[in-house]
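# Inside the fold
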Amino acid sequence: MNNKAANHLPTPAAYLLAALALLLLFSSKVLGDNVAAVDNVLDMGLEVPLKQSTGGTLYVTASAAGIAGDFLLDTGAGMVTLSQAMFYKLQQARQVEHIREMAARLANNRIQRVDVYRVNDFKIGECRLGTVEVAVMEGGGRNLLGLSVLGLAAPFAIQLSPPSLSLSQCGLQTVASLGG
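Conventions used here
Residues numbered from 1 in each chain as written. Predicted model: local features only at pLDDT ≥ 70, side-chain atom pairs only at ≥ 80, totals over all residues. Heavy atoms only, no water. Buried < 20%, exposed > 50% of the residue type's maximum accessible area, 1.4 Å probe, protein only. Helix = DSSP H or I, 4+ residues; strand = E, 2+ residues; numbered from the N terminus. Pairing = 2+ DSSP bridges. Phe/Tyr/Trp six-rings, centres within 6.5 Å; stacked < 30°, edge-to-face > 60°. Polar contact = N/O pair within 3.5 Å; in protein donor to acceptor, adjacent residues only side chain to side chain.

What follows is about the pairing of strand 10 (residues 156-160). Burial along strand 10 is one-sided: Ala-157 and Gln-159 are buried, while Phe-156, Ile-158 and Leu-160, pointing the other way, are not. As paired elements, strand 10 and strand 11 (residues 163-167) share 5 bridges and run antiparallel to each other. From the neighbouring strand, Ala-157 faces strand 11, where its bridge partner is Ser-166. A loop of 2 residues connects strand 10 with strand 11, the two strands running antiparallel in sequence.

Set out below in structure tokens:
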């Protein structure tokens with residue numbers, strides 16, 4: 001191949017520019033829909049107050065079968081996880097049904113066996129989400145609100161000032177689960 005032909009081959013930068021041009025061409029439709037979805041959450045959704053800890057983590061009051069507790073808002077968790085104390089209250093009120101066992105990957109990357117239960121009438125503030133599945137870990141000391149339930153109310157938005165959670169799909173839903 002002579003030098004004249006080699007000079008006409010596209011460079012990696014040219015490919016990058018072409019990809020960016022295509023992205024810009026098609027992104028206005030995609031971004032427009034996403035911006036509209038966020039606007040709908042903020043304008044039409046139910047806003048639930050959050051409590052911010054001194055460490056910066058966010059908590060929301062939620063309930064299962066009428067038993068309330070504070071839940072750490074954890075978008076890194078796949079499921080709702082109940083503390084032993086809250087699980088015990090639900091168990092005493094006969095408001096849990098054991099479904100299965102599963103392996104869960106924890107934040108520290110360890111795998112732990114967890115029991116999965118079905119609970120009725122799960123609510124985040126006044127947002128009623130219906131029957132959901134929750135995980136209970138041995139020695140679990142805190143309630144976590146994970147994506148399986150947040151997804152039922154999606155789209156959702158988290159505001160930091162003032163701390164609040166906007167939910168858009170409140171009403172009786174089907175069972176929320178992870179991998180089941």
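Before going further, it helps to spend a moment on the packing of aromatic side chains. Throughout the structure, instances matching the rule amount to 2 aromatic pairs. Measuring from ring centre to ring centre gives 5.8 Å for Phe-71 and Phe-122, while their planes differ by 80°; the resulting arrangement is edge-to-face. On the criterion of sequence distance, the pair formed by Phe-71 in strand 4 (residues 67-73) and Phe-122 in strand 7 (residues 111-124) is long-range, its members being 51 residues apart. The same class applies to Phe-71 and to Phe-122, which are both buried. Here Phe-87 and Tyr-117 contribute two aromatic rings whose centre-to-centre distance is 4.7 Å and whose plane-to-plane angle is 50°, an arrangement assigned as tilted. Here Tyr-117 lies in strand 7 and Phe-87 lies in helix 3 (residues 84-92), a separation of 30 residues in the sequence.

This paragraph deals with the side chain of Asp-115. As for its position among the elements, Asp-115 is in strand 7. Of note is the side chain of Asp-115, whose polar atom sits 3.1 Å from the side chain of His-98. At a separation of 3.0 Å, a polar atom in the side chain of Asp-115 contacts the side chain of Arg-113.

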